Amino acid sequence: MCSIPGLPTPGSEVPVVITRVNLNSNCGLVELWVKMDDGRKLVYEQMREKIQIPKRRFHGSEGKPEDLCLVCIGDTWHRARMVSIQGETCNVFLIDQGHPHITTREALAWGQRDCFLLPPETESCILANVLSLENNWPEIPTKFLLSLPGKKFKGLVQHVLMPDRTILLNIPIVSMHICNLGFAKKMAVDEFKSLVQKYLEAEHPTQEQDVNCQLEKHDQYLYPELLTNTFELVNVTEVTNPCNIFCKLQVLSKAVKILSEKIQKHYEESSTLGEGQPLTCGAPCAARGINGRWHRSLLKETITSDGAVEVFHVDEGKIEFVPVGDIRPLHGKFLRMPVVTYPCSLEGVKDNCTGWTIGQNDYLKSLLLNKKLVAKFNHYNIPQNAYHVILYADDDACINDCFPSEVQNACDDDMLTVGSSVNVKVSLIESQQKFWCQPTENCDSLKHLMQDLQNHYASTHAHPLVESICVARNQDNDMWYRARIMASDHSPVVDVRFIDYGQTQTVPLRDVYPIDPAFLPLSSQAFQCCLFNCKNSTHPTSITRTDNAEFQQFVDVAPSSNIGLKCTVKAVTSDKEGLMLNVVDIKTPSDGVCKLQTQEFAQAQALLQILPQVPSDVYNCSTYNIEVDGKENVWITYSESVNLFYCQLDRNLNLFYKVMGSVKQLISQPQSTDCPLELDSICFARFTDNQWHRGQVVEMSPKMKVHFVDSGHTLSVNESDICPIPTDASVARSVPVQAVPLGLFEVPTEVPQEVNKWFADSAIGQMFTISVVAKGEKGKLIVELFAGALNLNVKVREMMSKITQQETTGPVQQTDQQLSNSSEHDDVPYENCLTQELTNVSVLTTMSSQSITNASAQEFEHEKTLDERRTPTSDLMDKEMEDDQDDSEISQLSLPSCPEGNANVCIYKWPKIYQNRAEEVYTSCIAGPHHCWCQYTNTEDLNIVSRLAQEAGQTQQDKMFPETLGPGSPCLAQFSSDQQWYRAQVISRVDDAFRVLFIDYGNESDVDVKNVRSLSQSLLEKAPQAFLCSLNGFDESKGSWNDEVYDDFYNLLVDKPLKLTVFNMDNHSKAAVPQYAVEIECEGAIVNAAMLKYWKPVAEELIPIDPPEKETFLQDIQTESNMTQTNVCKVNGNACMYRKPNFSKNKKEEVYASCIVQPHYFWCQYDNREELSKVSELAQEEGKMQQNKMFPETLGPGSPCLALFSSDQQWYRAQVIRRIDDAFCVLFIDYGNESDVDIKNVRSLSQSLMEKSPQAFLCSLKGFDESKGSWNDEVYDDFYNLLVDKPLKLTVFNMDDHSKAAVPQYAVEIECEGNIVNAAMQKYWKTVAEGCVSIEHPEEIVRQDIQTESSMTPLNVSNGNACMYKKPHFSKNKKEEVYASCIVHPHYFWCQYDNPEELSKVSELAQEEGKMQQDKMFPETLGPGSPCLALFSSDQQWYRAQVIRRIDDAFCVLFIDYGNESDVDVKNVRSLSQSLMEEAPQAFLCSLKGFDETKGSWNDEVYGDFDNLLVDKPLKLTVFNMDDHSAAAVPQYAVEIECEGAVVNTLMAKYWKGLDTDHALEEHLGSALDQDECPWGNPVVTEQP
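Residues numbered from 1 in each chain as written. Predicted model: local features only at pLDDT ≥ 70, side-chain atom pairs only at ≥ 80, totals over all residues. Heavy atoms only, no water.

Section: the sheet that holds strand 78 (residues 1450-1454)
Then, number 1: With antiparallel pairing, 5 strands are arranged side by side in an open sheet as 79-78-77-76-80. This sheet does not close on itself; its edge strands, each paired only once, are strand 79 (1461-1465) and strand 80 (1469-1470).
Then, number 2: Relative to strand 79, strand 78 runs antiparallel, the two being bridged by 5 bridges. Bridge pairing in strand 79 links cysteine 1452 to aspartate 1463.
Then, number 3: Packing of helix 28 (residues 1396-1412) onto the sheet brings it into contact with strand 76 (1427-1432) and strand 77 (1437-1447), and relative to strand 77 it is tilted by some 75°. (Pairing = 2+ DSSP bridges. Helix = DSSP H or I, 4+ residues; strand = E, 2+ residues; numbered from the N terminus. Contact = heavy atoms within 4.5 Å. Axes fitted to C-alpha atoms, helices over the stretch in contact; angles between N-to-C directions.)

With respect to the pattern of salt bridges
Then, number 1: With the rule as written, the count across this model stands at 30 salt bridges.
Then, number 2: Where arginine 651 meets glutamate 632, a salt bridge forms, and the shortest distance between an N and an O atom there is 3.1 Å. Here the residue arginine 651 occupies a position in the loop between strand 37 (644-649) and helix 13 (653-667), and glutamate 632 occupies one in strand 36 (residues 631-641), the gap between them amounting to 19 residues. Judged on exposure class, the residue arginine 651 and its partner glutamate 632 are both buried.
Then, number 3: Of the charged contacts in the structure, one is a salt bridge between aspartate 761 and lysine 757, with a shortest N-O distance of 2.9 Å. Here the residue aspartate 761 and the residue lysine 757 both occupy positions in helix 15 (residues 753-763), the gap between them amounting to 4 residues, near one helical turn. Comparing aspartate 761 with lysine 757, the two get one shared label, exposed.
Then, number 4: Through salt bridges with shared partners, one network takes in Lys35, Arg48 and Glu121. (Salt bridge = Lys/Arg side-chain N within 4 Å of Asp/Glu carboxyl O. Buried < 20%, exposed > 50% of the residue type's maximum accessible area, 1.4 Å probe, protein only.)

Remarks on the side chain of arginine 105
Then, number 1: Residue position: arginine 105 is located in the loop between strand 7 (99-104) and strand 8 (108-110).
Then, number 2: Sequence-distant contacts of arginine 105, that is, excluding residues within four places in its chain, are made with Phe58, Gly60, Ser61, Glu62, Gly63, Ile85, Gly87, Glu88 and Cys90.

Regarding the pairing of strand 78
Then, number 1: Burial of strand 78 is extensive: 5 of the 5 residues sit out of reach of the surface.
Then, number 2: Here strand 78 shows a buried face lined by Ala1450, Cys1452 and Leu1454 and a second buried face lined by Phe1451 and Val1453.
Then, number 3: Here strand 77 pairs with strand 78 via 5 bridges, running antiparallel. Bridged to glutamine 1442 within strand 78 is leucine 1454.
Then, number 4: Counting the residues that bridge the hairpin from strand 77 to strand 78 gives 2 residues, and of these aspartate 1448 lies at a positive phi of roughly 55°.
Then, number 5: With antiparallel pairing between neighbouring strands as the criterion, strand 78 and strand 79 make up a hairpin whose turn holds 6 residues, including glycine 1459 at a positive phi of roughly 105°.

Things to note about the packing of aromatic side chains
Then, number 1: A complete count under the given rule lists 46 aromatic pairs for this structure.
Then, number 2: Geometrically, the ring pair formed by tyrosine 982 and tyrosine 1001 is edge-to-face, given 5.6 Å between the ring centres and 90° between the ring planes. Separated by 19 residues along the polypeptide, tyrosine 982 in strand 50 (residues 980-990) and tyrosine 1001 in the loop between strand 51 (993-997) and strand 52 (1004-1008) bring together distant segments of the chain.
Then, number 3: Sitting over the ring of phenylalanine 1293, lysine 1262 keeps its end group 4.9 Å from the ring centre. (Phe/Tyr/Trp six-rings, centres within 6.5 Å; stacked < 30°, edge-to-face > 60°. Lys NZ or Arg CZ within 6 Å of the ring centre and 35° of its normal.)

Details of the confidence of the model for the chain
Should the pLDDT be low somewhere, the predicted coordinates at that spot are not to be read in detail.
Then, number 1: A residue-level look at the chain finds 76% of positions with pLDDT of 70 or above and a mean pLDDT of 76.
Then, number 2: Within the chain, the lowest mean pLDDT, 35, falls on helix 17 (residues 817-821), and the highest, 94, falls on strand 40 (residues 705-708).
Then, number 3: Every residue in residues 205-219 is under pLDDT 50, and counting partners more than four places away or in other chains gives 49 contacts.
Then, number 4: Low pLDDT, under 50, characterises residues 598-615; the predicted model gives this stretch 22 contacts beyond four residues in sequence or across chains. (pLDDT = per-residue confidence, 0-100.)

Re helix 1 (residues 41-50)
Then, number 1: Buried residues of helix 1: Val43, Tyr44 and Met47, and no others. Relative to the axis of helix 1, the buried residues are bounded by an arc of 95° and lie together on one face. Relative to its buried face, helix 1 has exposed residues pointing more than 90 degrees away, namely Lys41 and Glu49.
Then, number 2: Lining the buried residues of helix 1 we find strand 5 (76-86). (Arc of directions from axis to C-beta.)

Remarks on helix 13
Then, number 1: Taking 1.5 Å as the rise per residue, helix 13 with 15 residues should run 21 Å; its terminal C-alpha atoms sit 21 Å apart, in good agreement.
Then, number 2: The element helix 13 is largely enclosed, with a buried count of 12 among its 15 residues.
Then, number 3: Within helix 13 the residues assigned to the buried category are Leu653, Leu655, Phe656, Val659, Met660, Gly661, Ser662, Val663, Lys664, Gln665, Leu666 and Ile667. (Expected span 1.5 Å × (residues − 1).)

This is the structure:
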């Protein structure tokens, strides 16, 4: 009957997720760490979030064993319990991870007291009824059991062994499998329990020491287990290969160093072997290493002679051979410090079964050894005895990825050396600029590989792809090929390239399999080529179709004539996709294809000559196929001035990585001194980032200077920081220079130094797009430079112009619009404004100008630069008016100036509107006569703008640009209804959304911050295609419109060609856009005149009426090119509420009751199912259409809206009652019930739905004045039962507004089945004279499911009544059979009736009701004593409860069926139904009779004995008297208890101390047990929440 808080009840089935497995070699048990229930995930997440703000850190020597605290691991705080302290080193036990951790006092802090109330998230279990047949688990079951972490199972809890909290968990599917394998035996339940208990008793473990031997002893050294998936700062002490690396925790390096000094001092002062005990293999010892220092070590072999023995230095991870005379037994005091140097293996780095080469390991050492790095410990591999880690360098570069690509994948393309020749056959020809060759020397290997592939994959089943290298079935011949995935959009097909042949093909995913490692060793057999003469020819007609045909014929003849082809590499570059491209000449023994073409094209003789062999001591240079008018994405690496700066091509990053990998590998090898450096020598040199790069000597004295050819820098270097390039360094020598020189187009030669400095500071390390305008000397490209849509050439020229202006005229006010737009404050220096604008427009990450590797290694999305230039300021002036515009009455209206403090408002160029000139337009968005938008009938510009906006939005798909946006800012915004991008202007920001105005249409919308982007200059310069209008002649300060005007005005204008004349212009305050007073002519009639009948001047009204607020609701925006006009937005300018129902007085209406609270508050619904069904369908359609919209910011009490009802996830019409945090309390006006709806699930309401009257109305029984009487409690159920599900006839007598919901309430008479309900209710009415006190009944609406099916007749009806829980009924001196459910001490304990059926029934009802109200909130009306439903965090179940008090965002509640208390988040408290309220609590509060607390106190021993005496035992209880317990406002009963024939009151007398024996009142007061101090101990709760 009893369970332990936080632990499952024995016999229960629980879902578990296994987090860790330990195979105990001592006793053959399988130890599991599990998370007990996914339902508690949110609770633990909240707890983890809460503990990230500790109460305070430890001061001085604070803290002692058993203290609860918080420990910081990798910037994250975890709950812990202190185990032991040794100086500054602390051993703690991680409560939620279930294992120890070594740390220092600096990483400890005190947590808030309630942080430790939750039980551990991870529990220790033993797999039940299974025992290994051997001491050590064999490999097969070990592999299976270690694969279990992360998997979810259902387990049966057999026993919970205390005090260890060890759960014996039976997972049949697991135990059955390992028994079937023959490596384990099945045991009987009781026998297995007895075995485990004996084991636990023998070990005497505590939770912190861990029954699972988590503080593992490796030959007496302690190796604390690390927390996985965390980051630690480490020092790499030893590197053998990628699978054998040793990392020392930096946090304890100081402690290790101090220990090392102590060991050194101890053994230097001691010269003997001490007691000379024999040292055997595996024993800890002290050993003097070859560096002369003493180390903590481990013997790898037994000492048998006076020679040398192998030892392992545990704190360094190094193995050495040490003379026997340099070995000592290790003193016990040096064993106390745990070993914090761990064996590691690089995650994801594999040797593909070929082993690691010396060069690869040496390169790895150059990356890691003795470096301080950040390590992410992913998981522990038991067979490998190593942690799998990911290592990160100081610059955040992932070393696992940086390790040379040839280590990662044997299928990478081979790098051919410039000048080398290889016999080939051509496997694929696309053109002379792109064909693929295969080396003939590997043809047999490739043939066998292809045969093996066909055999292997003929019977292999598909598995998920994890890498880009794969095998794919050729769709032309159904054969399998090795391939590389080139492109995939997660569709059913992918684009692949067959790496051994060169072809690309689109292949179904079903024909793409992961590649077996056995097929990786052979490198890819096809390499991409381009004919040498074609690549370098400058003759525009040198390449023709004839050339391609000749080349094809040349290639075809060779194999048919048994003539081999020889390929000679002239240069190495990359194509536009970043693939390696070899510039080659193809020859037969007699002739080359280049020579053949030379003979046939004599006029190109000079151009087709074979260039001389490239000298071995000169770098290759390449134009990289960049042509004039071409565009490239580049990284700026260095800048001398705007006329000379350097970049790397983004598409060449893979080449740069290869070079850097080669340089690092070569520099770690012994350097030759045979080749002295001279002027112009190519070399390796150390750059300012401390990395080695390729360079060329450009100056020898007075100090050596090197030009870094891959970045463009020229720097002085020390002799120790430079070395020659080895002659065999093929990659470093053959890859072309990566730094491309650039200069800005149309920028003067002489540029002020501040401009060059600004450019360098802003551009270096950033990604840009270049557009090549011309080619200069020495490969320099003259370019226009773009950051997104920002043209830096224009910015530089503007900046120079500004500086020149300041130098000639002195400081002047900035009036140029371009300048004002670049800054929000006039006094900001201009260069800072430009820098800010550059930063804002470009979504770039700041990178160090000194780290070439980092500047190139990052990958960024970038804007697609449109093929347009920003027009110079002088060209932006308005053109002269057309000849037919010379009438004196026509003048151009000036646009408004920018409002103060908002420089971006006027950035759109609003259309030129001329006074007194008729324009042909259509309306695009109509709110009312004072607010409508018009578009020109010529939609050509609109179509162009729409297309450009869509393209710009799609190219920026993964960017975000909200941080710089404010009211008036131009932007691109995605319209939710059609998911298209449109130009817009920000009106305001509301939480995570922008309110924007679509400036080409006039409608407004709330757009999620994720769907807003920056706007290119070209789109800014195009005038908005719509403009805001107001009917001329109607001054809003002097009158207002009738309600009928809105529909008639809309219907008059929509979809019709109009003639519009502008009279004047003013600013519209809401959107900061110009608004024009206009006259409109429609079908020959003047609209202004037609609207006069709807205008009410002030003189006609008693009180001036403010014009109604206009809210814009979006309709679909159409942008197709064949469109002549847009769909028009209709806006209801009348901000009225829902229409009131029309009743004829004294006329009977046929209705159903839809929501019943009490006779003074119930809702009725018309018996008109067709209309209700129609409204429901419209609401549902509109809600789905607005699925991604939000419209909460304008909603207030009384606002109409659409709201999603949580129980059925359907949309309904509603009206806001109030806002509560992130939710609205709304009234569903077609039914009458209320609900709390999340702010995300509330939408705007269309005019068509607003116009339909509510289908339900609020009623009150006529004839009962609440000021003169009240209802008996019995009325609620009887009134409900009388009306529910029955057709009624209702007569309305009068109406009043109900204050709560601001809806009309009608006094009615109801007839039901021929009876007048008003008369039938008379018997429940108590007038004031009859009752002592008038009782108020809260109008509390309990929500039921809303049904909207057309076949529905009545609705599910709500019933409401409020009272407290009933008190239990006792007969005085009568014995009750009970159990103790919550025991604190003899003066405070709870008992539960021995009636499990009733308790189970109540629990089921509470659970069902809690789930039904899962998404509701009902905290606002709760106060101390209020009954409620509350979610118990430990089992995520709902229980009846009573509020004790509110604490911040939580209620402290009492679970009235059990007696325990808990703090419950305000989100997890709900209202209680009447049916659950009427069930008496199943537990009651007791106190032992005969012990007056004012006259004595209890001894400390009473608590444990009282608990043990009562727990889990049937009791007989007699109640003597009752008093209210002040804390919980519940009755408390003085009782006598009989347990197993003995009277407990009598047994407890020996623990009672009267005042005459002990006057220490303080001790008495302090003896009470504080439940919160024992979060996982007493009180014991029986089946409690």
